[in-house]
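Inside the fold
One letter stands for each residue in the lines below.
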Amino acid sequence: MTAPGGCGLFDSDPEPIPEPDPIQPVLDEARALAAAYDRLAAAQPDLSGRITPLAEDHRAHAAALAILIGAAGPSAGAPVPSAPAPAALSGLRAAESAAMKTASASARTAPADRAALMGSIAACRATHVEALR
């Protein structure tokens with residue numbers, strides 16, 4: 001017995017793997033920065049009042065970016081990395097500066113419907129660099 005012709009079961013090419021969204025690095029940095037601030041606040045509670053609003057900014061950015069690109073949220077119950085190094089504020093300042101550059105570059109190359117958000121995130125990250133001085 002022969003298989004019915006034209007059913008398409010064996011004729012189709014596999015679905016191509018989609019390219020990652022170009023703003024995925026901005027989302028990844030937002031999540032990483034929020035987690036870094038949380039670790040520092042846990043390790044040095046006296047800094048909590050100063051840095052918690054900065055972490056909240058990054059969580060808001062991550063939520064907006066995830067919606068924009070249709071990304072899944074971070075996994076619940078992910079392990080919390082070890083406590084930050086003693087020079088944590090300077091490390092966060094360096095991370096914010098690098099993340100600001102990523103967002104700025106994304107703002108310059110993003111389509112118009114994304115450029116404003118990328119520019120806002122870059123500006124916010126620049127204010128965080130100053131707030132950590």
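Anyway, here's the lowdown on the structure attached to this text. This structure is a prediction, so every number in the text was calculated from the model and none was measured.

**Observations regarding the packing of helix α3 (residues 88-109) against helix α4 (residues 112-131)**
Contact geometry for α3 and α4: axes closest at 8 Å, N-to-C directions at 160°. With respect to α4, the element α3 is oriented roughly antiparallel. α3 and α4 meet at a crossing whose hand is left-handed. Counting all contacts with α3, which are made through R93, E96, S97, A99, M100, A103, S104, S106 and A107, the residues of α4 involved are A115, M118, G119, I121, A122, R125, A126, H128 and V129. The residue inventory of the contact of α3 with α4, partitioned by class, reads 10 nonpolar, five polar and three charged.

**Brief notes about α3**
The periodicity of an α-helix, 3.6 residues per turn, causes residues three or four positions apart to be oriented the same way. End to end, α3 covers 32 Å across 22 residues, agreeing with the expected 32 Å (1.5 Å per residue, within 8%). Every buried residue of α3 is listed here: A88, L89, L92, E96, A99, A103, S104 and S106. Within α3, the buried residues cover an arc of 155° as seen down the axis, which keeps them to one side. For α3, the exposed residues set more than 90 degrees away from the buried face come down to K101, R108 and T109. Those residues of α3 hidden inside the fold are in contact with α1 (24-43), α2 (48-69) and α4.

**What about the nonpolar core?**
Among the nonpolar cores identified, the biggest contains 14 residues, and Y37, L40, L47, I51, L89, L92 and L132 are the most heavily contacted of them. Those elements that provide at least two residues to this core are α1, α2 and α3. Per-element tally for this core: the top contributor is α1, with five residues. Setting aside anything within four residues of it in sequence, one finds L89 in contact with L40, L47, R50, I51 and L132. A30, A66, A110 and A122 belong to the second-largest nonpolar core, a separate cluster that totals 13 residues.

**As for α2**
Taking 1.5 Å per residue as the helical rise, α2 with its 22 residues ought to reach 32 Å, and the 31 Å between its terminal C-alpha atoms agrees with that figure. When α2 is considered as a whole, its buried residues turn out to be I51, L54, A55, H58, H61, A62, L65, A66 and I69. Projected down its long axis, α2 shows its buried positions confined to an angular sector of 130°, all on one face. Summarising the geometry of α2, the exposed residues directed more than 90 degrees from the buried face are G49 and I67. Check the buried side of α2 and you find it contacts α1, α3 and α4.

**A closer look at the pattern of salt bridges**
A full pass over the atoms with the stated rule returns five salt bridges. Between R59 and D38 there is a salt bridge, and its shortest N-O distance comes to 2.8 Å. One end of the pair, R59, is in helix α2; the other, D38, is in helix α1, with 21 residues separating them in the sequence. Note that R133 is salt-bridged to E130, the shortest N-O span being 3.1 Å. We classify E130 as partly exposed; its relative accessible area is 48%. Residues participating in the shared-partner salt-bridge network are D38, E56 and R59.

Cut-offs and rules
Residues numbered from 1 in each chain as written. Predicted model: local features only at pLDDT ≥ 70, side-chain atom pairs only at ≥ 80, totals over all residues. Heavy atoms only, no water. Axes fitted to C-alpha atoms, helices over the stretch in contact; angles between N-to-C directions. Helix = DSSP H or I, 4+ residues; strand = E, 2+ residues; numbered from the N terminus. Parallel < 35°, antiparallel > 145°, perpendicular 65-115°, else oblique. Left-handed = near helix turned anticlockwise from the far one by under 90°. Contact = heavy atoms within 4.5 Å. Nonpolar A, V, L, I, M, F, W, Y, C, P; charged D, E, K, R; others polar. Expected span 1.5 Å × (residues − 1). Buried < 20%, exposed > 50% of the residue type's maximum accessible area, 1.4 Å probe, protein only. Arc of directions from axis to C-beta. Core = buried A, V, L, I, M, F, W, Y, C linked by side-chain atoms within 4.5 Å. Salt bridge = Lys/Arg side-chain N within 4 Å of Asp/Glu carboxyl O.

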